[in-house]
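Each chain is listed here by its residues.
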Amino acid sequence: MANKDRIINYFEIAPKYTDTTKESIIDLFNKIHQLKIDQDPLRFEHYGDKYIYITDIIIDDKLKHVEGKVLHIRKDAFPELMDITDDKIRDVEATKNEGIVEKTHFILSYKNNEITLAFEHNQYGARITDFVFYLEHKGLIYGILNKIIYNPINRDNLMEVRKRIKNISYIVAKVHKDNIKRLKEIDKDIFTAFETVEDVTSAEYVTLELKYDVAKGTSGSLIRSKLDKILDFFSKSKTQPFNILKVKAEDSENNNLLKNFDLLNLWYRSNIKVDLKDKSKTIVSIDIITKMRSELNKEFGL
């Protein structure tokens, strides 16, 4: 059986309940599950150019887990399939009610009165923002909650790491083409640099590598100012556009010796290898959920 690498990200979840409700987010998941049972049209949320649907919900009161999938469904232009042995291309045929689906798996733990979310990273699937959007809309409909605050769970204090980074020797950043527009929120020059490379190469991922000779006094002060803007964005935003962001710089806590800083690994995340179905090449849900349970227990005892 083939397999695929997957990243699991972790978030703290804080529902803001309405003043009148006596129900919890677990009750909300029960109501969402009932929408599926009833085949209620309200089970779908139209969000931008796609539909979002939380489904296959299992509530395990022994583990204190809610497990399920967030479906990202699009009904616009479909991709094609190609046989790479003979270059034959065929259409993906669908009825008017069918759409292309990407699954994102999640486990929400409500043990110890705290809510921790393990959320699969699927580049083409639903994001944490889609998940929260769906729950907030359903929460408003049922009068249970009106907002959900979510934050990635940190391993290290971002401000402390920021203070340690002095003169920069090397920096590498990698961004998927779909996220390049988000760089406008950080800095116009950073956005322009990535956009220019993507326009010229039409690459799916754009990677920029910059090197400075600290020994000769080339400290990379300009790129440091750009890095500060990125870290400012990290401190305010709940999601970030980078796939890789690594810095080699003088470390003020280690006699200014050069140290490698992986700025995306300040957050808890798990790297797992999951099974794929032989013909469809889709992820085997029971396999990824089992491995997500194991990682959630290993990292947080949940």
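Whatever comes next refers back to the structure up there.
Here is what the cut-offs are and how they apply
Residues numbered from 1 in each chain as written. Predicted model: local features only at pLDDT ≥ 70, side-chain atom pairs only at ≥ 80, totals over all residues. Heavy atoms only, no water. Helix = DSSP H or I, 4+ residues; strand = E, 2+ residues; numbered from the N terminus. Phe/Tyr/Trp six-rings, centres within 6.5 Å; stacked < 30°, edge-to-face > 60°. Buried < 20%, exposed > 50% of the residue type's maximum accessible area, 1.4 Å probe, protein only. Lys NZ or Arg CZ within 6 Å of the ring centre and 35° of its normal. Core = buried A, V, L, I, M, F, W, Y, C linked by side-chain atoms within 4.5 Å. Contact = heavy atoms within 4.5 Å. Expected span 1.5 Å × (residues − 1). Salt bridge = Lys/Arg side-chain N within 4 Å of Asp/Glu carboxyl O. Pairing = 2+ DSSP bridges. Axes fitted to C-alpha atoms, helices over the stretch in contact; angles between N-to-C directions.

A. Highlighting unusual backbone geometry. Even without glycine at this site, N255 takes up a positive phi of about 55°. Residue placement: N255 occurs in the loop between β12 (242-251) and β13 (257-262). Backbone geometry places K281, a non-glycine residue, at a positive phi of 65°. Mapped onto the elements of the fold, K281 is located in the loop between β14 (269-275) and α6 (285-300).

B. Fine view of the packing of aromatic side chains. In this structure the tally under the stated criterion is nine aromatic pairs. Relative to F300, the ring of Y268 has its centre 5.0 Å away and its plane inclined at 55°; by these criteria the two rings are tilted. Here the residue Y268 occupies a position in the loop between β13 and β14, and F300 occupies one in helix α6, the gap between them amounting to 32 residues. The class of F300 is partly exposed, set by a relative accessible area of 24%. Taken together, the aromatic side chains of F29, F106, F119 and F131 make up a single cluster linked through ring pairs. Over the ring of Y142 we find K31; its NZ or CZ atom is 5.5 Å from the centre of that ring. One residue, K174, lies across the ring of Y205, its end atom 4.6 Å from the ring centre.

C. Layout of the nonpolar core. By size, the foremost hydrophobic cluster in this structure holds 31 residues, and its most contacted members are F29, I54 and F131. Residue assignment for this core shows that the elements contributing at least two residues are β1 (3-17), α1 (25-38), β3 (50-60), β4 (65-74), β7 (100-109), β8 (116-121), α2 (128-141) and β9 (145-152). The contacts of F29, once residues within four sequence positions are left out, are I54, I57, I59, V66, F106, L108, F131 and L135. Core analysis: the second largest hydrophobic core is formed by 29 residues, V206, L227, F233 and W267 among them.

D. Examining helix α5 (residues 221-236) more closely. Given a rise of 1.5 Å per residue, 16 residues ought to cover 22 Å, and the 23 Å separating the end C-alpha atoms of α5 matches this to within 8%. If you follow the buried residues of α5, they end up packed against α3 (158-164), β10 (165-176), α4 (188-201), β11 (205-211) and β12.

E. Here's a closer look at the environment of M159. Position of M159 among the secondary structure elements: in helix α3. With a relative accessible area of 44%, M159 lands in the partly exposed category. For the pair M159 and S235, spaced 76 residues apart in sequence, the C-alpha separation works out to 8.6 Å.

F. Seen up close, α6. Look at α6: 22 Å from first C-alpha to last across 16 residues, which is about the 22 Å you get at 1.5 Å a residue. All of the buried residues in α6 are S285, D287, I288, I289, M292, E295 and L296. Where α6 is buried, its residues touch β1, β4, β7, β8 and β14. Looking one or two residues beyond α6, the residue adopting positive phi is G301, at roughly 70°.

G. Geometry of the pattern of salt bridges. Enumeration according to the criterion identifies 21 salt bridges in this entry. One salt bridge connects K163 with E160, and the closest N-O pair in it is separated by 3.9 Å. Of this pair, K163 and E160 both sit in helix α3, three residues apart, roughly one helical turn. A salt bridge links D287 to K291, with the shortest nitrogen-to-oxygen separation between them at 3.1 Å. Here K291 and D287 lie together in helix α6, a separation of four residues that amounts to about one turn. Note on D287: relative accessible area 12%, which makes it buried. What emerges from the salt-bridge pattern is a single network uniting R162, R224, D228 and D232.

H. Spatial organisation of the sheet that holds β13. Strand order in the open sheet made by the four strands is β11-β10-β12-β13, with antiparallel pairing throughout. With one partner strand each, in any of the chains shown, β11 and β13 form the two edges of the open sheet. Ignoring strand direction, the axes of neighbouring strands in this sheet form an average angle of 15°. The pairing of β10 with β12 spans eight bridges and is antiparallel. The partner of V172 across the bridge, within β12, is K246. Where α4 meets the sheet, it contacts β10 and β11, and its direction lies at approximately 125° from that of β11.

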